[in-house]
Amino acid sequence: MSKEEVQLILKNESMSHTLGDMLHGQSASDPNQYKEILQSPFFNDIINSLYDGVFITDGDGITVLINRSYERITDLKAEQLIGLHMSEIIEADYISKSASLQVIKEKRPVTLMQQISNGRNIIVSGTPIFSKNQEILYVVNSVRDITELLQLKHEMEDLQELKNLRQSSKEAYSKSDSSPFYTSEKMKSIMTLIKRAAKTNAKVLLHGETGVGKTMIAKHIHELSNRSEQNFLELNCGALPSSLIEAELFGYEPGAFTGALKKGKKGLLEVADHGTLFLDEIGDLPLDLQVKLLKVIEDQAFYPVGSSTLKHIHVRLLAASHKDLKKLVASGDFREDLYYRLNVVPLHIPPLRERRKEIIPLARLFAEEFAGTYEIERTLHVDVLELLYDYDWPGNIRELKNLIEQLVVLAPDKEITRDLLPKDLLPTGQQRMSDLDDIVPLKAAVENIEREMITKALKKYKTTRKAAEALEVSQSTIVQKMKKWEK
C-alpha cells in the first residue's frame, strides 16, 4: 500500500471516530435518545457540511442516514438506500461489500476499500456506537473517494513502466506492430527462457489461446537473436488453401501452374534466408506439406514448385498453434516426427486474464499508438482502466487492441470515458441500467422486473406468503409465476 493510501485511511478513520465520539458525547442513556440526535436538524446540518461521505446504519445493519456528500460521491440517493439492509444493498449491486456488516460481526472499528455501482473506488471506515450493555446501536461510516488517488498512482507506475520497457525494447517497438509488454510474473519467467533460446538457432513452438500475442513474442525472439538485422516473415497456415500455402512457402517457377506469375515467384523460405520464418497455426498445415516442411528442417534445402533446382537456405523456424498438437498427432492429423522437430523449446503463453498486470500498460500503449496513427490526442480515464483490468478478455490481447482502437476513433473528446465501453465491461448493476436503453417488448420488460422483484422478496422473506404480503399480491400469484419460470 502506498504512502498516500495509508495517509488517506488514517484521515478517514479519524473522521469516523470523530463522528462516533460526537454521538457518544451526548451521553444518551437509551436508543431513543440516539434516534433523536440522528433526526435532529442540528446533526444533519453538521454531517451535510462535511466534504466526505457519511453513511449510518443501526445495529442490525439497516440504513438510517446518509449525507449529501455520500450521494455526490456514489451517485446513490437517500431514497434508494434508507430502510434497506446492507445485504440488500450489496445484492442490488450498489456496493461491493459492507463495512457496517463487518463492524457488527467483529464488534470493532473496520476500514476497507469498496467499489460503488458507478465504478468509483472509496475507502470506508466504520465505527460502532455501543449501548451500556455493549450492544451495537449504530455504525457510523465515513467515506472518502480514492479514485483520483488511484489515477495518480496508475499514472506514476505506468509512466515508469513505459520508460523502463521502451529503454530495454526500443528496437523491437520500432519494428513490431505490437509492443511486447511482459511485466507479469508468469511472462517474466517465460521471457527468461526466450532470452536463452533467442541466442541460438533452436526451433521454438508457442502454444496458447488465440490472440495471446504469439506473433508478438515470435517477433521479439527474432529481435533478440543474432538474425535481428535480417527478415522476419510470417505465414498463417490456416488462412490459405493447401495449394496457395505451398506456393507461398516454396515459391514457383514461371508457368508452374494456372494463374502463376510469368516471372515466377520466390517463396517465403527463400526470402527469409538467414532470417526467421514464423509459421502461425501450424496445426492447420496439410499433411502433404508437413512432409515437405520436415525435409526443409532436416536438409535446409527445398525445390520450388515446378523446379528441379535445389535451393539451399539457412532459415530459423518458429511455429505456433492454439490447438493441442499432441492430440492432433494421436488422431493422425499431424506428423509425430515433425512435432518433435518443432518442439525443441516448447512455450505456453498464458491468456491475458492470467497476466492482469499487463492489461493497463498495454491499454495505454495501444491508445498512444492509435492516437498517433490517427493524429488525434486521446487518454484513458482511470475508471476505464479499472474496468479494463477487471474484464477477463476472452479474445486476449487482440480483443484489447481492437477495443482500444475503437475507443480512440469514436471518443468525442480527448479523454476516453466509461460511457463509451461495451456493456460486457460494465459492472453487473450498470449492465442492468444500460439495458434500459434498449427497446424491448413492454410485456417482456414487465416480466423481467416482476421476476427480479419476486426473487428479491423471496430471498428476504423466505416464504411465498410473506413475499406476497410485501409485494401486495396474492400468494397464488407468486406460486403461479414461479411455476411458469421453471418451465
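Here the structure is a predicted model, which is why all the values come from computation and not from measurement.

Visitor: Would you mind showing me how to read the overall build of the protein here?
Guide: Secondary structure assignment for the protein yields 23 helices and 16 strands. Evaluated residue by residue, the protein yields a buried proportion of 47% over its 487 residues. For the protein, the computed accessible surface area is about 25,400 Å², with 52% contributed by carbon and sulfur atoms.

Visitor: How should the pattern of salt bridges be read in this particular structure?
Guide: Side-chain pairing between opposite charges can occur once the charged atoms of the two side chains come close. Counted under the stated rule, the structure contains 16 salt bridges. Between R353 and E209 there is a salt bridge, and its shortest N-O distance comes to 2.6 Å. Pair noted here: R353 is in the loop between β14 (345-348) and α17 (359-373) and E209 is in the loop between β6 (204-207) and α11 (214-224), with a separation of 144 residues, a long-range link. Overall, R353 belongs to the partly exposed group, its relative accessible area being 31%. Taking relative accessible area as the criterion, E209 reaches 31% and is therefore assigned partly exposed. Between D284 and K323 there is a salt bridge; the shortest N-O distance is 2.5 Å. Here D284 is found in the loop between β10 (276-280) and α14 (287-299), whereas its partner K323 is found in the loop between β13 (316-321) and α15 (325-331), with 39 residues between them in sequence.

Visitor: Help me understand the sheet that holds strand β2 (residues 63-66) in this model?
Guide: Each strand in a sheet pairs with its neighbour through backbone hydrogen bonds, running either in the same direction (parallel) or in the opposite one (antiparallel). A sheet is described by the order of its strands in space; here five strands give the open sequence β2-β1-β5-β4-β3, paired in antiparallel fashion. Sheet topology places β2 and β3 (110-115) at the edges, where each strand pairs with a single neighbour. Here the average twist between neighbouring strands, direction ignored, is 25°. Bridge count between strand β1 (residues 53-58) and strand β5 (residues 136-145): six bridges; the pairing is antiparallel. Its bridge partner lying in β5, D58 is registered against Y138.

Visitor: Before we go on, may I ask you to explain the sheet that holds strand β7 (residues 232-236) in this structure?
Guide: A sheet is described by the order of its strands in space; here five strands give the open sequence β7-β10-β13-β6-β14, paired in parallel fashion. Of all strands in the sheet, those bounded by a partner on one side alone are β7 and β14. Across the sheet, the axes of successive neighbouring strands diverge by a mean angle of 20°, strand direction being ignored. Both β6 and β13 contribute to a ladder of four bridges, which runs parallel. Across the sheet, residue H207 finds its bridge partner in β13, namely S321.

Visitor: I'm lost on a nonpolar patch on the surface in this one. Help?
Guide: Together, Y374, I376, V409 and L410 line one region of the surface with nonpolar side chains, adding up to about 350 Å² of accessible area. Within the fold, Y374 resides in the loop between α17 and β15 (379-380). Looking at Y374, the relative accessible area reads 37%, which means it is partly exposed.

Visitor: Before we go on, may I ask you to explain the pairing of β2 in this structure?
Guide: The pairing of β1 with β2 spans three bridges and is antiparallel. Bridge pairing in β2 links I56 to L65. Here β1 folds back onto β2 in antiparallel fashion, the turn holding four residues, of which G61 has a positive phi close to 90°.

Visitor: Hey, could you run me through the packing of aromatic side chains in this one?
Guide: Working definition: an aromatic ring pair is given by the centre-to-centre distance plus the angle between the planes. All told, the structure shown has five aromatic pairs when counted by the stated rule. Here the aromatic rings of F250 and F302 are separated by 5.9 Å at their centres, their planes lie at 50°, and the arrangement is tilted. Within this pair, whereas F250 is found in helix α12 (residues 242-250), its partner F302 is found in strand β11 (residues 301-302), the two being separated by 52 residues in sequence. Across the ring face of Y51, the terminal group of R72 is positioned such that the distance to the ring centre comes to 4.4 Å. Across the ring face of F250, the terminal group of K292 is positioned such that the distance to the ring centre comes to 4.4 Å.

Visitor: Sorry, what's going on with the confidence of the model for the protein here?
Guide: Detailed reading of the predicted coordinates is not advisable wherever pLDDT falls low. Confidence along the protein averages 81 in pLDDT terms, with 80% of residues attaining 70 or more. Counting interchain partners and residues more than four positions distant, the pLDDT-below-50 stretch residues 1-12 has 22 contacts.

Visitor: What is the right way to look at the environment of I123 in this model?
Guide: Note that I123 resides in strand β4 (residues 121-130). Separated by 18 residues in the primary sequence, I123 and N141 have C-alpha atoms spaced 9.8 Å apart.

Visitor: Sorry if this is basic, but what is going on with α11 here?
Guide: Counting along an α-helix, one turn takes 3.6 residues, and residues three or four places apart therefore face a common direction. Of all 11 residues in α11, nine are buried; the element is thus mostly enclosed. The complete set of buried residues in α11 reads K214, M216, I217, A218, K219, H220, I221, H222 and E223.

Visitor: When you look at the nonpolar core in this model, what are you seeing that I'm missing?
Guide: Within soluble globular proteins, side chains that are nonpolar generally end up buried alongside one another. By size, the foremost hydrophobic cluster in this structure holds 30 residues, and its most contacted members are L249, L269, L277, L279, I282, L293 and F334. Setting aside residues no more than four positions away along its own chain, I282 makes contact with L205, C237, L293, A319, A320, S321, L325, F334 and L342. Membership of the second largest hydrophobic core comes to 27 residues, among which are L362, L385, A411 and L426.

Visitor: Teacher, can you tell me more about the packing of α17 against helix α19 (residues 396-410) here?
Guide: Any two packed helices are characterised by the angle at which their axes cross and by the distance between the axes. Interhelical geometry of α17 versus α19 gives an angle of 45° and a closest axis separation of 9 Å. Between α17 and α19, the angle is such that the two are oblique. The handedness of the crossing between α17 and α19 comes out as right-handed. Contact with α17, carried on its side by I359, L362, A363, F366, A367, F370 and A371, involves I397, L400, K401, I404, E405 and V408 of α19 and no other residues of that element. In terms of residue class, the contact of α17 with α19 is built from 11 nonpolar, no polar and two charged.

Visitor: Mind showing me how you'd approach the pairing of β14 here?
Guide: With burial as the criterion, only one face of β14 is covered, namely that bearing V345 and L347; the residues P346 and H348 on the opposite face remain uncovered. In terms of strand pairing, β6 meets β14 through four bridges, oriented parallel. Following the sheet pairing, L206 is matched in β14 by L347.

The rules behind each value
- Residues numbered from 1 in each chain as written.
- Predicted model: local features only at pLDDT ≥ 70, side-chain atom pairs only at ≥ 80, totals over all residues.
- Heavy atoms only, no water.
- Helix = DSSP H or I, 4+ residues; strand = E, 2+ residues; numbered from the N terminus.
- Buried < 20%, exposed > 50% of the residue type's maximum accessible area, 1.4 Å probe, protein only.
- Areas by Shrake-Rupley, 256 points an atom, 1.4 Å probe, with all protein chains shown as cover.
- Salt bridge = Lys/Arg side-chain N within 4 Å of Asp/Glu carboxyl O.
- Pairing = 2+ DSSP bridges.
- Axes fitted to C-alpha atoms, helices over the stretch in contact; angles between N-to-C directions.
- Patch = residues over 30% accessible without salt bridge, like charges linked within 9 Å, V, L, I, M, F, W, Y side chains within 5 Å.
- Phe/Tyr/Trp six-rings, centres within 6.5 Å; stacked < 30°, edge-to-face > 60°.
- Lys NZ or Arg CZ within 6 Å of the ring centre and 35° of its normal.
- pLDDT = per-residue confidence, 0-100.
- Contact = heavy atoms within 4.5 Å.
- Core = buried A, V, L, I, M, F, W, Y, C linked by side-chain atoms within 4.5 Å.
- Parallel < 35°, antiparallel > 145°, perpendicular 65-115°, else oblique.
- Left-handed = near helix turned anticlockwise from the far one by under 90°.
- Nonpolar A, V, L, I, M, F, W, Y, C, P; charged D, E, K, R; others polar.

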